[in-house]
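Structure at a glance
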Amino acid sequence: GAEILNGWQLRAFPRRSRELGLHFLAELPDGSWTNAVDFKIRNPAFGDYPHWKPEAWPVTRTNGDLEVTLRGFQSGGPSDVTRYRGQGPLAARMTRVVLDFAENGRPVDHWRLQKLYLSDATGNDWYPYLSLEKPGLNWATKGTAEFVGGLWPGEDAWRLRAESVRTGGFAADELWTVNLPLPPAGTVTTLTNRWDRDGLGVNLVGFGSPTVEHSGEFRWVAKWWGDHPDRTWSLGMKLDADLDGRRLTVVGVADQNGRTVEIAEHQGADHRLQAVFIRPTSEAREVRITLAVQRSRFVEFLARPEFVK
């Protein structure tokens, strides 16, 4: 009854040694930290693994007419977000990736990094959740991403698999625009709007006013957990099929006067149930939401980051 069980999930750890060393810290009453205990345990993933040879960057990869250049790659630096800085070994350590985009040799700014997959030769393999709407702890904007953690620094090379999508330059038949009245306070408006594009059926299911809960399978998907819940409206969307290399993208949101509406988050973008959270101004009576369905572009890099001491 007096015992406490703690667990940690390690996204990446060394796998070439027979043993692992675990170093635990304890917090003192004055808020400082001290060494608590060290353990050595058997490495459950010990084995003989190949060695990958990194490429020097900058390096460019192409997919169709899109050229993606790995311009910057850094790991181990402290977070710029004040509340996550910590001190010494407690500081949140970040990895930063910078990509440049070009089409037919000309730089463009209507592409963005959607998702980043990391792996190494020993089997460490994961991807960070990246906020695409605003900088925070884990975020991405255009070709720059910054996130907590990375892979084991003892490896010679990391594989980066970058998924990129367009944010502009769409043809008319790639876009769908829907005008939706803002629902009255405390209600969720049931929607039946539907769009079929590239074998993907997009259904608008419900549009909720601030702090109201959606029902059924959208109860948690379309629930806002962030700041300013009294100003955040929620739109639930359902896809008829798995994404299979496609992406549903929110191109933009505006009110009845053409003023840009803030997009707080596009949640569940990897899944068939998705939600978009928006913050219209108090003068807004309806919103015009523009969506796109597109094929993602994937490229891979084999590189070693610059490690920050």
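Structure: see above.
The shown structure was predicted, so the numbers you read here are calculated from the model rather than taken from an experiment. (Residues numbered from 1 in each chain as written. Predicted model: local features only at pLDDT ≥ 70, side-chain atom pairs only at ≥ 80, totals over all residues. Heavy atoms only, no water.)

Remarks on unusual backbone geometry
In this structure, the amide linkage connecting Trp57 to the following residue, Pro58, adopts the cis form with an omega of 15°. Mapped onto the elements, Pro58 comes out in the loop between strand 2 (33–42) and strand 3 (59–63). Positive phi values are uncommon outside glycine, yet Asp198 reaches one of about 55°. Tracing the chain through its elements places Asp198 in the loop between strand 14 (194–197) and strand 15 (200–208). (Helix = DSSP H or I, 4+ residues; strand = E, 2+ residues; numbered from the N terminus.)

A word on the sheet that holds strand 7 (residues 111–119)
As summarised here, the arrangement of the four strands in space is 8-7-11-21, forming an open sheet in which the pairing is antiparallel. A single partner strand is all that each edge strand has here, and the edge strands are strand 8 (125–126) and strand 21 (297–303). (Pairing = 2+ DSSP bridges.)

Focus on the nonpolar core
Leu180, Leu204, Phe207, Val287 and Leu291 are the most contacted members of the largest nonpolar core, which totals 26 residues. Mapped by element, the contributors of at least two residues to this core are strand 12 (175–181), strand 15, strand 16 (233–239), strand 17 (246–255), strand 19 (273–279) and strand 20 (286–295). Leave out the neighbours within four places in its chain, and Leu291 touches Glu174, Leu175, Trp176, Trp195, Val202, Leu204, Met237, Leu248, Thr249, Val250 and Val251. The next biggest cluster of nonpolar side chains, apart from the first, holds 25 residues, and it includes Val59, Val97, Leu113 and Trp158. (Core = buried A, V, L, I, M, F, W, Y, C linked by side-chain atoms within 4.5 Å. Buried < 20%, exposed > 50% of the residue type's maximum accessible area, 1.4 Å probe, protein only. Contact = heavy atoms within 4.5 Å.)

Interpretation note: all reported values are geometric properties and have no functional meaning in isolation.
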